[in-house]
Amino acid sequence: MTSRVSMGRPLTVALWAALMLVPLFADEWSVSQLGQYLTFGILAMSLSFIWGQVGILCFGQAIFFGLGAYLMGLTTLERFTWFGGSQTVGLLLATAGPALLAYVLGKLLFVGRGLSGAFFAIVTLCAAMIVEIVAQHTDFIGGFDGLLGIPPLMANWRVGDEMLSTNETFYVVLGSALLIYLAALFVQRSPLGTVLAAIRNNEDRTASFGYRTIDYKVLAFTISGAMAGYAGALFTAQFGFVSPAITGTALSTEVLVWVAVGGRGVLMAAFLGAVLVRFVESFLSSALGPYWLLMLGMFFVLTVVVMPEGIFGRLLRLPLPRSWREPRRVPAQADHGDAKPALAKALESS
Amino acid sequence: MTFAVELGLDTLSYSLSLLLVSLGLVIIFGLMNVINMAHGEFFLLGAYSVVAVQQLHMPYWLTLLIAPLMLAVVGLILEELVIRHVYHRFIDTILATWGISIALKQLIVIVFGPTSQSIVNPLPEPVHVLGVVYPSFRLFIMGVALLISFATFWVFYRTHIGLAIRGVIANRPMAASLGLNTRRMDRWTFAFGAALAGLAGAVMAPIMSVDPQMGGGFLIPAFLSIMVGGIAHLLGVVLGVALIGTTGTVIASVDTQVASQVAVFLLAIVVIRIWPEGLIGRKR
């Protein structure tokens, strides 16, 4: 561990507080834009969860994002007639569907001898490309044009003025992002998260401790898929439009860039990376034109080579949970069947 | 009958050009353990070197020399600037080369514009082969691909350099301690792989639509071929390319391009699922 005194916790809290205050001084258009960036931030957290915590590099995270978006769109446009266009059902479907897909994909690719890290990345990259092509040619979901006119988030409990205002939508999205962040953080710092991190550091060793690493990987992948799907649903409700492009390789690799630039190992850094890169892009892409992508690509390479932890990774890293820092002193003989302190120690030394 | 012959020739020409791309990829992967995501963009640079040569009103055949040389230099520079810093971080090589691919693609967009370029076919007259009229340039492509592939195999399995390369692949520390300069071999292998991709791009450019997105179209099947075939032996790539190329071309001819891409992907997934090491696995 680098330093005893960590700035991670106060900085994280300050960042969330700052996001809460944005609508007070920003104009309506910026707030709605920021609301969309926040959904990309959730997507980035989902990737950081599977990549930073478990060490599985997924090149197809947008598959889940896009599936969530499409499910939300299809439900609220009443293409699935039996739900009556309910947004709640849409959000639920958009979370459960991608989770299920991630579960199946995980089962398919991890079980048995499984795919090694690099091959998994390539397979997911190919999968994203195939999904995009299939989406372009499926008429039920709108083909090339995608789904248009998806209704914005509504407040069904209010009579009369049902449509949420820009600021209200923003707070719904921000609240979702915060809840997802806290939930993912809770998982990361729970015993489950310890096992996941142990798999990242050395899968064989973790398996020899008696953990079914495949099940853990599939579970983590499922959680990540659910997060991405929910983000997709929120994005769609704000953007009002789903096209095949958001399921494909383009967004998949973009989110990879955000997470790598922000910091793959820390949820908050990945989130901030996504929001900031999008934010900077909205300013610079018009000024720099085609040079923006060139610069981003080179900056990405530079980050990977020089700063594997990302720009914010070191800054926003939270201190380890107290129980990990000071493992309970257990008499040596009584320590049977509980490998957690050993795992925690292995993590600290790495 | 003519349909079958034509399909066979199409399959052969597609598979052979895919082999050119895959060979470079698999040698780089085997020797350096680097998954080169920028390989599609090396192919792209090769294709655009044809555009540049055409704009300068020079004969097409010059590019067969220029493209590999240029890409070898590009490969050397990138290896020196980026790749060698991330050798020991396996996943990061994927990311770094992916970043390179984004930058290179965008560079092409800036220099040549985002739209597709048309290339004048240097061998416009068709020829009669086995009773069908077939574009002669495709036959030329097959010839070049065969020649280069055989040359690569010969170097790899019949020369002293090839022996050294295979030694490094089998056991890098041992090879290094026996006095092989692994650093220099990495550098030149990367340059050679890049040159192969560049040549493939230059050869394929006249029969493809040359646009900045064309690299990915070859990269994905090439990766699938490698995973299907396995990386233990160069013959694995040949097998993978044959399987992927044939499936793709045949299904595309009877059904749509979309069905063909989906089928190829599913086939690859099934094969990888059953034989994770590829069809020609590593001997243990």
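Residues numbered from 1 in each chain as written. Chains lettered and ligands numbered in written order. Predicted model: local features only at pLDDT ≥ 70, side-chain atom pairs only at ≥ 80, totals over all residues.

## Quick word on the overall build of chain A
- When helices and strands are counted, chain A shows 14 helices and two strands.
- For chain A, contacts bridging at least 24 residues in sequence account for 78% of all contacts bridging at least 6. (Helix = DSSP H or I, 4+ residues; strand = E, 2+ residues; numbered from the N terminus. Contact = placed C-beta atoms within 7 Å.)

## Section: the overall build of chain B
- When helices and strands are counted, chain B shows eleven helices and two strands.
- Counting from the amino terminus, chain B carries its helices and strands in the arrangement α-α-α-α-β-β-α-α-α-α-α-α-α.
- For chain B, the C-alpha radius of gyration of 19 Å lies close to 19 Å, the compact-globule estimate for 284 residues.
- Projected onto its principal axes, the C-alpha coordinates of chain B cover approximately 55 × 45 × 35 Å.
- Every one of the 284 residues in chain B was classed for burial, and the buried ones make up 49%.
- Within chain B, residue pairs in contact and separated by at least 24 positions form 75% of the contacts whose partners lie at least 6 positions apart. (Rg over C-alpha atoms; globule rule 2.2 N^0.38 Å. Buried ≥ 20, exposed ≤ 12 C-beta atoms within 10 Å, placed from the backbone.)

## Looking at the pairing of strand 2 (residues 132-135) of chain B
Residue and element names in this part refer to chain B.
- By the bridge criterion, four bridges tie strand 1 (residues 126-129) to strand 2 in an arrangement that is antiparallel. Note on strand 2: the bridge partner recorded for V129 is V132.
- What sits between strand 1 and strand 2 in their antiparallel hairpin is a turn of two residues, with L130 showing a positive phi close to 50°. (Pairing = 2+ DSSP bridges.)

## Quick word on the interface of chain B and chain A
- On the side of chain A, 30 residues touch chain B, which itself brings 32 residues to the contact.
- Residue assignment for the side of chain B that touches chain A shows that the elements contributing at least two residues are helix 4 (90-112), helix 9 (214-229) and helix 11 (257-274) of chain B.
- Counting residues per element, the side of chain B that touches chain A draws most heavily on helix 4 of chain B, which supplies 15 residues.
- Class assignment for the residues of the side of chain B that touches chain A results in 25 nonpolar, four polar and three charged. (Nonpolar A, V, L, I, M, F, W, Y, C, P; charged D, E, K, R; others polar.)

## Digging into the nonpolar core
- Among the nonpolar cores identified, the biggest contains 192 residues, and A:A44, A:M227, A:V255 and A:A274 are the most heavily contacted of them.
- With 15 residues, the single largest contributor to this core is helix 1 (residues 2-32) of chain B.
- Every residue in contact with A:A274, bar those within four places of it in the chain, is listed here: A:Y37, A:F40, A:G41, A:L43, A:A44, A:V255, A:W258 and A:G262. (Core = buried A, V, L, I, M, F, W, Y, C linked by C-beta atoms within 7 Å.)

## So, helix 10 (residues 249-262) of chain A
- In this model, helix 10 of chain A (14 residues) spans 20 Å end to end at C-alpha, consistent with the 20 Å of a helix rising 1.5 Å per residue.
- The element helix 10 of chain A is largely enclosed, with a buried count of 13 among its 14 residues. (Expected span 1.5 Å × (residues − 1).)

## Let's talk about the packing of helix 12 (residues 291-306) of chain A against helix 4 of chain B
- Contact pair helix 12 of chain A / helix 4 of chain B: the axes reach a minimum separation of 8 Å and the direction vectors enclose 160°. Put simply, helix 12 of chain A runs roughly antiparallel to helix 4 of chain B. Every pair of crossing elements has a handedness; the one defined by helix 12 of chain A and helix 4 of chain B is left-handed. Where helix 12 of chain A abuts helix 4 of chain B, its residues A:Y291, A:L293, A:L294, A:G297, A:M298, A:F300, A:V301, A:V304 and A:V305 lie against B:D92, B:L95, B:A96, B:G99, B:I100, B:I102, B:A103, B:Q106, B:L107 and B:I110.
- Of the residues in the contact of helix 12 of chain A with helix 4 of chain B, the class split is 15 nonpolar, three polar and one charged. (Axes fitted to C-alpha atoms, helices over the stretch in contact; angles between N-to-C directions. Parallel < 35°, antiparallel > 145°, perpendicular 65-115°, else oblique. Left-handed = near helix turned anticlockwise from the far one by under 90°.)

## A word on the confidence of the model for chain A
- Averaged over all residues, the pLDDT of chain A equals 84, while 88% of them reach at least 70.
- This stretch, residues 333-339 of chain A, has a pLDDT under 50; its non-local contacts, to residues over four places away or in other chains, come to three contacts. (pLDDT = per-residue confidence, 0-100.)

## Observations regarding helix 1 (residues 8-25) of chain A
Residue and element names in this part refer to chain A.
- With 18 residues, helix 1 should cover 26 Å at 1.5 Å per step; its first-to-last C-alpha distance of 26 Å lies within 8% of that length.
- At L19, helix 1 shows its maximal kink, close to 25°; a proline, P23, follows between one and four residues later.
- Within helix 1, burial applies to T12, L19 and P23.
- Buried residues along helix 1 sit against helix 2 (28-53), helix 6 (166-188) and helix 11 (267-288). (Bend = angle between axes of the 7 residues up to and from the residue.)

## Looking at the environment of A:M129
- Looking at the element boundaries, A:M129 is found in helix 5 (residues 117-136).
- A count of 24 C-beta atoms within 10 Å places A:M129 in the buried class.

## As for the environment of B:A47
Residues and elements named next belong to chain B.
- Structurally, the position occupied by A47 is in helix 2 (residues 39-55).
- A47 sits 158 residues away from A205 along the chain, and the two C-alpha atoms are 5.0 Å apart.
- The residues touching A47, leaving out its near neighbours within four places in the chain, are G201, A202, M204, A205, V210 and M214.

## Concerning the packing of helix 3 (residues 61-76) of chain A against helix 4 (residues 87-110) of chain A
Residues and elements named next belong to chain A.
- Running from N to C, helix 3 and helix 4 point in directions that differ by 150°, and their axes come no closer than 8 Å. Helix 4 is crossed by helix 3, and the crossing has right-handed handedness. In this structure, helix 3 contributes F64, L67, G68, L71, M72, T75 and T76 to the contact, and helix 4 contributes Q87, V89, G90, L91, L93, A94, G97, P98, L101 and A102.
- Split by residue class, the contact of helix 3 with helix 4 holds eleven nonpolar, six polar and no charged.

## Details of unusual backbone geometry
- Residue A:E78 is not a glycine yet carries a positive backbone phi of 60°.
- Residue position: A:E78 is located in the loop between helix 3 and helix 4.
- With phi around 60°, B:N33 is a residue other than glycine that occupies positive phi space.
- As for its position among the elements, B:N33 is in the loop between helix 1 and helix 2.

## Side note on the environment of A:G106
Residues and elements named next belong to chain A.
- The topology assignment puts G106 in helix 4.
- Residue class for G106 comes out buried when judged on the 24 C-beta atoms lying within 10 Å of it.
- Sequence separation between G106 and L21 is 85 residues, and the spatial gap between their C-alpha atoms is 39 Å.

## Here's the deal with the confidence of the model for chain B
Residue and element names in this part refer to chain B.
- With 99% of its residues at a pLDDT of at least 70, chain B reaches an overall mean of 87.
- Of all helices and strands in chain B, the one with the weakest mean pLDDT is strand 1 (80), whereas helix 3 (residues 63-81) scores best (92).
- We note a pTM of 0.88 for the whole complex and an ipTM of 0.86 for its interfaces.

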